[in-house]
Amino acid sequence: MLGPTAHSDTFARDNLPAQSLWPEINLGALNYPDHINVGVELTDRMVERGFGDHTALIGNGRRRTYKELSDWTNRLAHALVEDYGVKPGNRILIRSANNPAMVACWLAATKAGAVVINSMPMLRTGELNKIVDKAEVSLALCDTRLMDEIIACAKSSKFLEKVVGFDGTANFDAELDRIALNKSVRFEAVQTGRDDVALLGFTSGTTGDAKATMHFHRDLLSIADGYAREILGVTPEDVFVGSPPLAFTFGLGGLAIFPLRFGAAATLLEKAAPADMIHIIETYKATICFTAPTAYRVMLQAMEEGADLSSLRAAVSAGETLPGPVYEEWLEKTGKPMLDGIGATEMLHIFITNRFEDSRKSCTGKPVTGYEAKIFDDEMNEVPMGEVGRLAVRGPTGCRYLSDVRQETYVRDGWNLTGDSFFQDAEGYFHFAARSDDMIVSAGYNIAGPEVEAALLSNEAVMECAVIGAADEHRGEIVQAHVVLNEGFDQGQAQVKLLQDHVKAVLAPYKYPRSVKFVNALPKTVTGKIQRFRLREGAA
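Thresholds applied
Residues numbered from 1 in each chain as written. Predicted model: local features only at pLDDT ≥ 70, side-chain atom pairs only at ≥ 80, totals over all residues. Heavy atoms only, no water. Helix = DSSP H or I, 4+ residues; strand = E, 2+ residues; numbered from the N terminus. Rg over C-alpha atoms; globule rule 2.2 N^0.38 Å. Contact = heavy atoms within 4.5 Å. Core = buried A, V, L, I, M, F, W, Y, C linked by side-chain atoms within 4.5 Å. Buried < 20%, exposed > 50% of the residue type's maximum accessible area, 1.4 Å probe, protein only. 1 Å grid on protein atoms, 1.4 Å probe; cavity = no way out; pocket = protein on both sides within 12 Å on 5 of 7 lines; lining within 4 Å. Points joined across faces, edges and corners; volume = space filled by probe spheres on them. Nonpolar A, V, L, I, M, F, W, Y, C, P; charged D, E, K, R; others polar. Phe/Tyr/Trp six-rings, centres within 6.5 Å; stacked < 30°, edge-to-face > 60°. Lys NZ or Arg CZ within 6 Å of the ring centre and 35° of its normal. Axes fitted to C-alpha atoms, helices over the stretch in contact; angles between N-to-C directions. Left-handed = near helix turned anticlockwise from the far one by under 90°. Pairing = 2+ DSSP bridges. Parallel < 35°, antiparallel > 145°, perpendicular 65-115°, else oblique. Salt bridge = Lys/Arg side-chain N within 4 Å of Asp/Glu carboxyl O.

**Student:** An account of the overall build of the chain is needed here, citing residue identities and associated values.
**Tutor:** Looking only at helices and strands, the chain has 17 helices and 25 strands in total. What you see for the chain is a C-alpha radius of gyration of 23 Å, in line with the 24 Å of a compact globule of 540 residues. In terms of principal-axis extent, the alpha carbons of the chain reach across some 65 × 55 × 55 Å. The contacts of the chain with a sequence gap of at least 6 include a subset with a gap of at least 24, amounting to 68%.

Take a look at the structure:
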C-alpha cells in the first residue's frame with residue numbers, strides 16, 4: 001500500500017505499474033517516516049547534525065561545505081518554485097557533466113518536490129526527445145556549455161516548454177545562478193511522501209527504446225543505509241572518486257548519495273579518464289573509488305610507474321565483469337581486495353557484492369543484507385546448485401517501469417529478472433556467466449544493438465546490417481557491426497571511419513561500432529530473420 005503523496009502533479013504516481021506487477025519489496029530494518037525528502041536529508045539535515053563545516057563537494061577548483069551546499073540548494077529551490085513555477089510532481093530534466101552544480105540542481109529540484117531525470121552530456125537530440133516525451137518533461141536545466149542539443153529538442157517537443165541555463169563551472173554566471181543569488185538561504189522543502197517518486201532513471205532496452213525506472217525517496221536513502229553502510233562502512237573521513245556519470249544510478253549513488261548521507265566528501269570530475277582519477281586520488285587522498293575494470297587496469301600500470309594510490313581503502317568495480325587477473329594484481333599491489341558487484345538501474349544500485357572480509361576472484365559474491373537472490377530456469381523453477389540460469393533478486397528496491405509493458409517480463413512471481421545468467425556455487429557465492437539478453441555491455445555502458453543498427457541504416461551507404469557484442473580484453477565487449485553496403489560504396493577503412501562518425505553524430509558517442517566488418521550477405525533464417533547468434537559464434 002502506497003503512503004501519502006505531496007505531488008499535486010500526479011503524473012508519476014498515475015503511471016506506476018499496477019501493484020500486481022510489482023516485485024516483492026522487503027524493507028527489512030530500513031524504516032522511514034511517511035514524509036521524507038532526500039534533498040533535505042542530504043543537506044539541511046547534515047548541517048543540523050554538525051557537518052556544516054565539513055567538505056561535501058570538490059570540483060572545478062572549489063571545495064563546498066555542507067553549509068554552502070545547503071544554502072546553495074535552498075536558493076536554487078526558491079528560484080525553481082518562484083520564478084519557474086515548479087510544482088510538486090513536475091518532471092525536471094538536468095543535462096550536465098559530473099560537477100557540483102549538477103548535484104546542487106538535482107538536490108534543489110528534489111527539495112521542490114520535483115521528479116528528476118539526470119541525463120548525460122553525450123546524449124543527442126533524438127535521444128533526449130525520447131526521454132522528454134516519455135516523462136512529459138516541461139522544464140530542463142542545462143549547463144550553459146551544453147545547450148545546443150537540448151534547445152534543438154525543445155524546438156521539436158510538444159512537452160518541453162523551457163530550458164534554463166546554469167553555470168557548471170564555479171562562476172555562477174548563468175540565468176539560474178543569477179536569479180538564485182538573490183534568494184533566501186532558508187527554504188521550506190516540500191514534505192514529499194516516502195513513496196513519492198523522486199528520480200526517473202532511464203536505461204536502454206534491448207530494442208533501444210528508452211525505459212524509465214521509477215525510484216521513491218526511500219529507495220534513494222535505502223541504498224546508502226544498506227550497501228554503503230554495510231559493505232563500504234562509509235565514515236565522514238572518506239573521500240569518494242569515480243568515473244560513472246551522475247546520470248547513471250550507479251554514479252548518483254556512489255558519487256553523491258553515499259558520501260552526502262554520511263558526511264563524507266565527493267570529488268566530481270567532468271572528464272573522468274583514469275589519468276584524471278589518479279590525479280584526484282593523489283591530490284585529495286581519495287579513499288573510495290567507483291569505476292569499471294578498464295580504468296583499474298590503467299591504475300595498476302600507473303602504480304608500476306610510481307603513482308601513489310595508497311589512500312584508497314575501497315575499489316568498487318561494477319558495470320562489466322571483473323577479470324580474475326585484475327583482481328589478483330590489485331590485491332597483490334595494494335593488499336586490499338577489489339569489491340566486485342552487480343547492480344541494475346531497475347534495482348537502483350548494487351545488490352550482490354564481495355566484501356572486504358569475504359572476497360574472491362571471478363566471483364560476484366553474496367547478496368547485500370535485505371536482498372535475496374536465486375537462479376531460475378525459463379519457467380521460474382529453481383535450478384540445481386552449480387547450474388547456469390536466470391538471476392532473480394528481490395529486496396528493499398525493485399523494478400517499477402514508467403508506463404511500460406516490459407514490466408511484465410522484468411518482474412515475474414515477485415522477482416526481478418535482471419537479464420543476467422549466473423550460477424551459485426555450493427558455498428552460496430554467485431558467479432556471472434553471461435547476459436541473458438542481447439544487451440551489449442561495453443566499459444560499463446549498456447548499449448542496445450538495434451539502436452546502433454537503426455543509426456547505421458540511416459546512412460546512404462548501408463543496405464543492411466547487424467550489430468553484436470564482441471569480446472574485448474580491455475572493455476569487456478565492444479560494439480561490432482556487420483555491414484552490407486549498397487552498390488557503389490567502397491569497403492575500405494575510409495568507409496569504416498565515415499560510418500563510425502555517422503553513428504557518433506546520431507547517438508551518444510560511446511555507442512559507435514569500434515569494429516566494422518563488411519560482408520556480402522548476413523546469415524538469415526528461411527523467413528529472412530537475421531541470425532545474430534551465428535555472427536556472435538564467429539566473433540567468439
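Moving on, there is more to tell.
**Student:** Help me get a handle on the nonpolar core, residues and values and all.
**Tutor:** Counting residues in hydrophobic clusters, the biggest one holds 91 residues, and the most contacted among them are L80, W106, L141, L176, L232, F258 and L391. Sorting elements by how many residues they give to this core places helix α5 (residues 100-111) first, with 9 residues. In this structure, L176 is in contact with L76, A79, L80, Y84, C105, L141, V164, G165 and F166, ignoring residues within four places of it in sequence.

**Student:** Please give an account of empty space enclosed by the protein that cites residues and values.
**Tutor:** Using the criterion set out here, one finds 4 cavities of 30 Å³ or more in the structure. In terms of lining residues, the largest cavity is bounded by L30, S222, I223, G226, Y227, H349, I350, V368, T369, Y371 and P396. In terms of residue count, the dominant contributor to the lining of the largest cavity is helix α9 (residues 217-232) (4 residues). Looking at the lining of the largest cavity residue by residue, the classes come out as 7 nonpolar, 4 polar and no charged.

**Student:** Just give me the short version of the packing of aromatic side chains, but keep the residues and values in it.
**Tutor:** For the structure on display, the rule yields 14 aromatic pairs. Arranged with centres 5.3 Å apart and planes meeting at 80 degrees, the rings of W72 and F172 form a pair that is edge-to-face. Of this pair, W72 sits in helix α4 (residues 66-82) while F172 sits in the loop between β6 (162-166) and α8 (175-180), placing them 100 residues apart in sequence. Between F376 and W415, the aromatic rings sit 5.5 Å apart at their centres with planes inclined by 75 degrees, giving edge-to-face as the arrangement. Separated by 39 residues along the polypeptide, F376 in strand β16 (residues 372-376) and W415 in strand β19 (residues 415-424) bring together distant segments of the chain. Pair check on accessibility: F376 and W415 agree, each one buried. Among the aromatic side chains, those forming a connected cluster through ring pairs are Y227, F240, F250, F258 and F290. For the cation-ring pair, R400 lies above F216, with the distance from its terminal atom to the ring centre recorded as 3.8 Å. One Lys or Arg, K504, reaches over the ring of Y512 and ends 4.3 Å from the middle of that ring.

**Student:** Just give me the short version of the packing of helix α12 (residues 293-304) against helix α13 (residues 324-334), but keep the residues and values in it.
**Tutor:** When two helices pack together, their arrangement is given by the angle between their axes and by how far apart the axes lie. Put simply, α12 and α13 touch, their axes get as near as 10 Å, and they point 35 degrees apart. Where α12 crosses over α13, the two elements pack in a sense that is left-handed. Along its contact with α12, which presents Y296, R297, M299, L300, M303 and E304, the element α13 presents V326, E329, W330, K333 and T334. Residues that form the contact of α12 with α13 fall into these classes: 6 nonpolar, 1 polar and 4 charged.

**Student:** Any chance you could break down the pairing of strand β1 (residues 55-59) for me, citing the residues and the numbers?
**Tutor:** Most of β1 sits inside the fold, with 4 of its 5 residues counted as buried. The turn linking β1 back onto strand β2 (residues 62-65) is made up of 2 residues, and N60 within it adopts a positive phi angle of 50 degrees. Sheet topology places β1 next to strand β10 (residues 265-267); 2 bridges connect them, and they run parallel. Bridging across to β10, I58 finds its partner in T267.

**Student:** Pulling in residues and values, what's your account of the layout of surface pockets?
**Tutor:** Unoccupied space between atoms shows up once a probe the size of one water molecule is rolled over them. Of the pockets and cavities examined, the second largest pocket occupies roughly 380 Å³. In this structure, the second largest pocket is lined by 22 residues; those nearest its centre are V40, D44, E48, N74 and F187. Looking at the lining of the second largest pocket, the elements with two or more residues in it are α2 (38-41), α3 (44-51) and α4. When grouped by side-chain class, the residues that make up the lining of the second largest pocket number 7 nonpolar, 6 polar and 9 charged.

**Student:** Quick one: what's the story with the packing of α3 against α4, residue by residue and with numbers?
**Tutor:** Here α3 crosses α4 at 155 degrees, and the two axes come no closer than 9 Å. Of the possible angle classes, the one that applies to α3 and α4 is roughly antiparallel. Pair α3 / α4 crosses with left-handed handedness. Contacts from D44, M46, V47 and F51 of α3 reach α4 at Y66, K67, S70 and N74. Here the residues of the contact of α3 with α4 sort into 4 nonpolar, 2 polar and 2 charged.

**Student:** Quick one: what's the story with the pattern of salt bridges, residue by residue and with numbers?
**Tutor:** Scanning all chains against the criterion turns up 35 salt bridges. Of the charged contacts, one joins R145 and E270 as a salt bridge, the two residues approaching to 2.5 Å between their closest N and O atoms. Taken together, the residues span a long stretch of sequence, with R145 in the loop between β5 (139-143) and α7 (147-156) and E270 in the loop between β10 and α11 (274-284) at a distance of 125 residues. Note on E270: relative accessible area 29%, which makes it partly exposed. Beyond isolated ion pairs, a larger network of salt bridges with shared partners links E41, R45, E48, D225, R229 and R261.

As far as function goes, none of this settles anything; it's purely spatial.
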